[in-house]
There are 2 protein chains.
Amino acid sequence: MRIGIVGLGLIGGSLALDLRSRGFEVYGVDLEERTCQIAIEIGAVDLASISPNFLSTADIIFICTPLDAITPTLKQLIPHLSPETIITDVGSVKTPIVQECSQLWTSFVGGHPMAGTAEQGIEAAKPDLFLGASYVLTPTETTPSIASQRVEEIAQLIGANVLMCSPEAHDQAVAWISHLPVMISASLIDACLHETDSNILQLAQQLASSGFCDTSRVGGGNPQLGVMMARDNRKALLRSLFEYRHSLNQLIEVIEKEDWERLEQILTSTQQTRTKFC
Amino acid sequence: MRIGIVGLGLIGGSLALDLRSRGFEVYGVDLEERTCQIAIEIGAVDLASISPNFLSTADIIFICTPLDAITPTLKQLIPHLSPETIITDVGSVKTPIVQECSQLWTSFVGGHPMAGTAEQGIEAAKPDLFLGASYVLTPTETTPSIASQRVEEIAQLIGANVLMCSPEAHDQAVAWISHLPVMISASLIDACLHETDSNILQLAQQLASSGFCDTSRVGGGNPQLGVMMARDNRKALLRSLFEYRHSLNQLIEVIEKEDWERLEQILTSTQQTRTKFC
């Protein structure tokens, strides 16, 4: 089987390494000539080019570009494809991508491998990045079952745990567990900045330890990534944020009323619930 | 110098171990006969008793009981003390303790060694627990300087970094970096519970990884400890919670308005600010 990978960054490059090591013929495409060269040098691909023309013989193509570029990339590919080609992507938000791409190409399967590192680019690509990671696939009613089966088999082959759900369920679930934590964690740091007594602020900075640092970690991450989450998954994120504000208001009210019995009930419930997530 | 320690739990027991290893004569008092026995067996104290009578010859006494018991313990000690005895405590909230205890005993110095482990009790006591930890002292205008100097010297001797501030500044600073994170982290878990679509909730539980787990960690901790924080430091915690709600509302508004430039400014500021804390 011949596999095409468009976008040879961390995800595309790592996927290429894994697939080639499992005996597939892997063709890579990237906007940068230099990236194509590196992909060949590290043995991630058999061939690489800045032009997508030579993907016409691929059986499956993984679009591993940034989110914004997924639909434009598909449009660019279409004139070169044979009608049986299966296309999948690795974008972190699924509803808009799947809506657009399914209309453009019947055998399109939305995908989201939930793996990554702090680094980016082909230089950060490494084998077994997806080993043990969740890999969400979001086929719709119109997706041919053979297409989602093929992508599922490949994801399993590289050691990922495949989960199937609707694009909407995916986006709401990642809003809860990934995008909402970033926003509430950022709000914690932002709130501290509003402490008007500079002695207290300085003392807080000196005394901060693991509790503060863990809770604020994802809120101190890459700002561009945070903006992308909010922009691309705005509706689901806002739904989670409204629910969160409701929970916060309830907690504030309980503390204002000094209802310590109710507070203990809430904290007992959160202690128990967390074990289902972590 | 002779040192008395009332309350031989994790903090009192660890303090006793450190002080005795540095050549002090250490007398321990605990409500439980068994705890006194263990303290003697592990070499934490020279003598231990369930009665405070024999602390009359101590130069400095550390009250290491739970917060509720600090003032009652001081009242119980007073009839047995010589007037030069310096008393300090290790309670995690300082304003009410210092107000009450300073009126009862002139040479009282509020203290808060910020060290701990997940375990509790004399069995968890260990040497060097305070090495490199912050140790806040909160002397007031009426505290004799010789008293705070003595406690400071001892804290430095066990390897802690001593910080001096007012009881009120301490309480507000720990509200920011310790008590507020617990409440916003608990609200995250609580909010997820309000997801009405059970498929999404189940998917979120399967997909949760380090981002969610770090942000929710302190919100999934000991419920009784969370209630104590809110009850004993209610005023400072509410002040931080109101400021936090303000920051959250601002972030929600920015996302509703799709003001991505402003969101990037906020997230850039939180990324930079966090490095001052962590």
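Before reading further, recall that the structure is shown in the block above.
Our subject in this report is the structure included herewith. (Residues numbered from 1 in each chain as written. Chains lettered and ligands numbered in written order. Predicted model: local features only at pLDDT ≥ 70, side-chain atom pairs only at ≥ 80, totals over all residues. Heavy atoms only, no water.)

Let's talk about the nonpolar core
Counting residues in each nonpolar core, the largest one holds 82 residues, and the members touching the most others are A:Y244 and B:Y244. Residues in contact with A:Y244, not counting those within four places in the same chain, are A:L180, A:I184, B:I184, B:S187, B:L188, B:A191, B:Y244 and B:L248. In this structure, A:I122, A:A125, A:F130 and A:V162 belong to the second largest nonpolar core, which totals 37 residues. (Core = buried A, V, L, I, M, F, W, Y, C linked by side-chain atoms within 4.5 Å. Buried < 20%, exposed > 50% of the residue type's maximum accessible area, 1.4 Å probe, protein only. Contact = heavy atoms within 4.5 Å.)

Here we look at helix α2 (residues 33–41) of chain A
Residue and element names in this part refer to chain A. Among the residues of α2, T35, C36, I38 and A39 are the ones counted as buried. Looking down the long axis of α2, one finds its buried residues gathered within 165° of arc, a one-sided arrangement. Opposite its buried face, α2 presents the exposed residues R34 and E41, each directed more than 90 degrees away. On its buried face, α2 sits against β3 (47–49). (Helix = DSSP H or I, 4+ residues; strand = E, 2+ residues; numbered from the N terminus. Arc of directions from axis to C-beta.)

What about the interface of chain A and chain B?
Across the contact, 87 residues belong to chain A and 87 residues belong to chain B. When the two sides are added together, the surface that chain A and chain B hide from each other amounts to roughly 8400 Å², 70% of it contributed by carbon and sulfur. The interface formed by chain A and chain B includes 6 salt bridges. The residue A:E195 makes a salt bridge to B:R239 at a minimum N-O spacing of 2.8 Å. (Buried area = accessible area lost by both parts, 1.4 Å probe. Salt bridge = Lys/Arg side-chain N within 4 Å of Asp/Glu carboxyl O.)

Re the sheet that holds strand β5 (residues 86–89) of chain B
Residues and elements named next belong to chain B. Across the sheet, 6 strands lie side by side as β3-β2-β1-β4-β5-β6; this open sheet has parallel pairing. At either end of the open sheet lies a strand with only one pairing partner, and these are β3 (47–49) and β6 (108–109). In this fold helix α1 (residues 10–21) packs onto β1 (2–6), β2 (25–29) and β4 (60–63), with an angle of close to 165° to the strand it touches most, β1. With respect to the sheet, helix α3 (residues 70–77) is in contact with β1, β4 and β5, its orientation differing from that of β4 by roughly 145°. (Pairing = 2+ DSSP bridges. Axes fitted to C-alpha atoms, helices over the stretch in contact; angles between N-to-C directions.)

Describing the state of the cysteines
Throughout this description, disulfide means a covalent bond between two cysteine sulfur atoms. Under the definition given, this model contains 2 disulfides over all chains. Between the sulfur atoms of A:C213 and its disulfide mate B:C278 the distance is 2.1 Å. Across the S-S bond linking A:C213 and B:C278, the dihedral sits near -100°, which makes this disulfide left-handed. A residue pair is termed interchain when its members come from two chains, as with A:C213 in helix α8 (residues 210–216) and B:C278 in the segment after α11 (260–277). Summary of cysteine pairing: A:C192 is not part of a disulfide, and the nearest cysteine sulfur, belonging to B:C278, is at 9.7 Å. (Disulfide = S-S within 2.5 Å.)

Comments concerning helix α6 (residues 167–193) of chain B
Residues and elements named next belong to chain B. Its 27 residues give α6 an end-to-end C-alpha distance of 37 Å, which sits within 8% of 39 Å, the value for a rise of 1.5 Å per residue. Remark: the principal bend of α6, roughly 50°, maps to A175. The buried fraction of α6 amounts to 24 of the 27 residues, a majority that puts the element mostly inside the structure. (Expected span 1.5 Å × (residues − 1). Bend = angle between axes of the 7 residues up to and from the residue.)

Brief notes about the pattern of salt bridges
Going through the model one piece at a time under the given rule, you end up with 25 salt bridges over all chains. Among the salt bridges present, the one from B:D46 reaches B:R20, with a minimum N-O distance of 3.0 Å. With B:D46 in the loop between α2 (33–41) and β3 and B:R20 in helix α1, this residue pair connects regions lying 26 residues apart in the sequence. Overall, the relative accessible area of 31% leaves B:D46 in the partly exposed class. Within the structure, one salt-bridge network assembled from shared partners comprises A:D18, A:R22 and A:D128.

Details of the pairing of strand β5 (residues 86–89) of chain A
Residues and elements named next belong to chain A. Burial along β5 is two-sided: I86 and T88 and I87 and D89, pointing in opposite directions, are all buried. Bridge count between strand β4 (residues 60–63) and β5: 4 bridges; the pairing is parallel. Within the sheet, the bridge partner assigned to I61 lies in β5 and is I87. With respect to chirality, the unit in which β4 leads through helix α3 (residues 70–77) into the neighbouring parallel β5 is right-handed. Bridging between β5 and strand β6 (residues 108–109) involves 2 bridges; their strand directions are parallel. By the bridge assignment, T88 is partnered in β6 with V109. Regarding the hand of the β-α-β motif, the stretch spanning β5, helix α4 (residues 95–104) and β6 is right-handed. (Right-handed = clockwise from strand over helix to strand, strands pointing away.)

With respect to the side chain of B:S14
Residues and elements named next belong to chain B. With respect to the helices and strands, the residue S14 is situated in helix α1. Side-chain polar atoms of S14 contact the backbone oxygen of L10, separated by 2.6 Å. S14 has contacts with G9, A125, K126, L129 and F130, leaving out every residue within four places of it along the chain. (Polar contact = N/O pair within 3.5 Å; in protein donor to acceptor, adjacent residues only side chain to side chain.)

Describing the packing of α6(B) against helix α10 (residues 234–256) of chain B
Residues and elements named next belong to chain B. Across the interface, α6 lies against α10 with an axial gap of 8 Å and an inter-helix angle of 60°. The orientation of α6 with respect to α10, classified from their angle, is oblique. Where α6 crosses over α10, the handedness of that crossing is right-handed. Residues D171, Q172, A175, W176, H179, L180, M183 and I184 of α6 form the contact with α10, whose own contacting residues are A236, L237, R239, S240, L241, E243 and Y244. (Parallel < 35°, antiparallel > 145°, perpendicular 65-115°, else oblique. Left-handed = near helix turned anticlockwise from the far one by under 90°.)

Focus: the sheet that holds strand β8 (residues 134–137) of chain B
Residue and element names in this part refer to chain B. The strand order β7-β8-β9 describes an open sheet built from 3 strands, whose pairing is mixed. Each edge of the sheet is formed by a strand with only one pairing partner; in this case those strands are β7 (111–113) and β9 (161–164). On average, each strand axis in the sheet is tilted by 20° relative to the strand beside it, whichever way the strands run. Where β7 lies against β8, 3 bridges are found, and the strand directions are antiparallel. Bridge pairing links H112 to V136 in β8.

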